[in-house]
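# Examination of the molecular architecture
Chain by chain, the residues run as shown.
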Amino acid sequence: MLKIGCHLSVSKGFEAMGKAALSINANTFQFFTRNPRGSKAKDIDPADIERFLALAKEHNFATLLAHAPYTLNACSADASTREFALETMRDDLRRMEYLPGNLYNFHPGSHVKQGAEVGIEQITALLNAILTPDQHTTVLLETMAGKGTEVGRTFEEIRAILDGVTLSDKMGVCLDTCHIHDAGYDVINDLDGVLEEFDRVIGLDRLKAIHLNDSLNDRNAHKDRHACIGEGKIGADALIRVINHPKLRHLPFFLETPNELDGYAKEIAFLRANYQE
Ligand code: FE
Ligand code: FE
Ligand code: ZN
């Protein structure tokens, strides 16, 4: 059974997201922990969570993916911006304990003029400050397109961050197909080679989720602009190979394509029809 979902708005709560997912034949979803401006999060409603958990159990949902506000920057040159990222992520992880056993993804950040090495140190310092031995959430680093000074544009940078984290078993990776294509990895013609490299540099056991997106740009463009499945430069065939790949097919896939619910429903139907059970 293909584990697939899309990005949904958290504004109406978890039960509403669960029902929206079911309405488009999804069995998981991604959501922002708070609005992307990174302001105060909505209060958790335990009754809503309880209804969602019952629904998720009944319908055999796969692991959920929470996404930190993309405006956070764990490796800003400005200490107060780093502190804000730290406090926001710490609060998110505290809230994630209401949904134990799920995933929390974040963008490593942009080092601006500090250099990737300093950026990597600041990101690991933040993670070492917020991770706790008894948390029930796995924190994922997202592979980035390498727009501007983004950290995480190579598997080596992701590995360097992981190497600096003490509670290493709380960490994993979310691979974004649009981002790695834009970063220069050839997911179209050499998926096997890309996964071998991922395994050699990071280890495939670290890979916990896939963002399944097409890309508006050519490989190595360092742009990060998502396209609908089959409407970009990666193409439907290559993305179908991704969901069926023996090393990936068990993972949860999340669409972040430019769609409303009906567009997501069509993409999910298309991918399910092309998934080899
Ligand atoms: Fe992201
Ligand atoms: Fe993504
Ligand atoms: Zn992106």
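All values derive from a computational prediction rather than experimental measurement. (Residues numbered from 1 in each chain as written. Chains lettered and ligands numbered in written order. Predicted model: local features only at pLDDT ≥ 70, side-chain atom pairs only at ≥ 80, totals over all residues. Heavy atoms only, no water.)

### Overview of the packing of aromatic side chains
In this description, an aromatic ring pair is defined by two values, namely the gap between the centres and the angle between the planes. Evaluation of the coordinates by the stated rule reveals nine aromatic pairs. On the basis of an interplanar angle of 70° and a centroid distance of 5.6 Å, the ring pair of phenylalanine 29 and phenylalanine 52 is categorised as edge-to-face. Of this pair, phenylalanine 29 sits in strand E2 (residues 28–32) while phenylalanine 52 sits in helix H2 (residues 46–58), and the two are 23 residues apart along the sequence. Residue class for phenylalanine 29 comes out buried when judged on its relative accessible area of 0%. An angle of 75° between the planes, with centres 5.1 Å apart, marks the rings of phenylalanine 155 and phenylalanine 198 as edge-to-face. Here phenylalanine 155 is found in helix H5 (residues 155–164), whereas its partner phenylalanine 198 is found in helix H7 (residues 191–201), with 43 residues between them in sequence. Phenylalanine 155 sits in the buried class, given a relative accessible area of 1%. Since its relative accessible area comes to 0%, phenylalanine 198 is described here as buried. (Phe/Tyr/Trp six-rings, centres within 6.5 Å; stacked < 30°, edge-to-face > 60°. Helix = DSSP H or I, 4+ residues; strand = E, 2+ residues; numbered from the N terminus. Buried < 20%, exposed > 50% of the residue type's maximum accessible area, 1.4 Å probe, protein only.)

### Here's the deal with unusual backbone geometry
A positive phi is found at asparagine 60, a non-glycine position, where the angle reads about 60°. Within the secondary structure, asparagine 60 sits in the loop between H2 and strand E3 (65–67). The backbone of aspartate 224 sits at a positive phi, close to 70°, despite the residue not being glycine. Looking at where aspartate 224 falls in the secondary structure, it is placed in the loop between strand E8 (214–215) and strand E9 (226–227). By relative accessible area, aspartate 224 is classed as buried at 17%.

### Describing the coordination of the zinc ion (ligand 3)
Each angle at a metal carrying four tetrahedral donors should ideally be 109.5 degrees, and each at a metal carrying six octahedral donors should ideally be 90 or 180 degrees. Surrounding the zinc ion (ligand 3) are the protein donor atoms His179 (NE2), Asp224 (OD) and His226 (NE2), at 2.0 to 2.3 Å. Between the donor residues of the zinc ion (ligand 3), the gaps in sequence give the motif H-x44-D-x1-H. Here the iron ion (ligand 1) and the zinc ion (ligand 3) are spaced 5.3 Å from one another. Remark: histidine 226 occurs in strand E9 and histidine 179 occurs in helix H6 (residues 177–183); sequence separation between them is 47 residues. Look at histidine 226 and you get partly exposed, because its relative accessible area is 22%. (Donors = N, O, S within 2.8 Å, 3.2 Å for Na, K, Ca; no water.)

### Considerations on the sheet that holds strand E7 (residues 207–212)
What the eight strands build is a closed barrel, ordered E1-E2-E3-E4-E5-E6-E7-E10; its pairing is parallel. Direction aside, the axes of adjacent strands within the sheet are offset by 30° on average. Bridge count between strand E1 (residues 4–8) and E2: four bridges; the pairing is parallel. Bridge assignment links glycine 5 to a residue of E2, and that residue is threonine 28. Packed onto the sheet, helix H1 (residues 14–23) meets E1 and E2 and runs at close to 135° relative to E2. (Pairing = 2+ DSSP bridges. Axes fitted to C-alpha atoms, helices over the stretch in contact; angles between N-to-C directions. Contact = heavy atoms within 4.5 Å.)

### Topic: the packing of helix H4 (residues 116–130) against H5
Interhelical geometry of H4 versus H5 gives an angle of 40° and a closest axis separation of 8 Å. By the criterion of interaxial angle, the relationship of H4 to H5 is oblique. Handedness of the H4/H5 crossing: right-handed. Residue-level inspection shows Ala116, Ile120, Ile123, Thr124, Leu127 and Asn128 of H4 in contact with H5, the latter providing Glu157, Ala160, Ile161 and Gly164. (Parallel < 35°, antiparallel > 145°, perpendicular 65-115°, else oblique. Left-handed = near helix turned anticlockwise from the far one by under 90°.)

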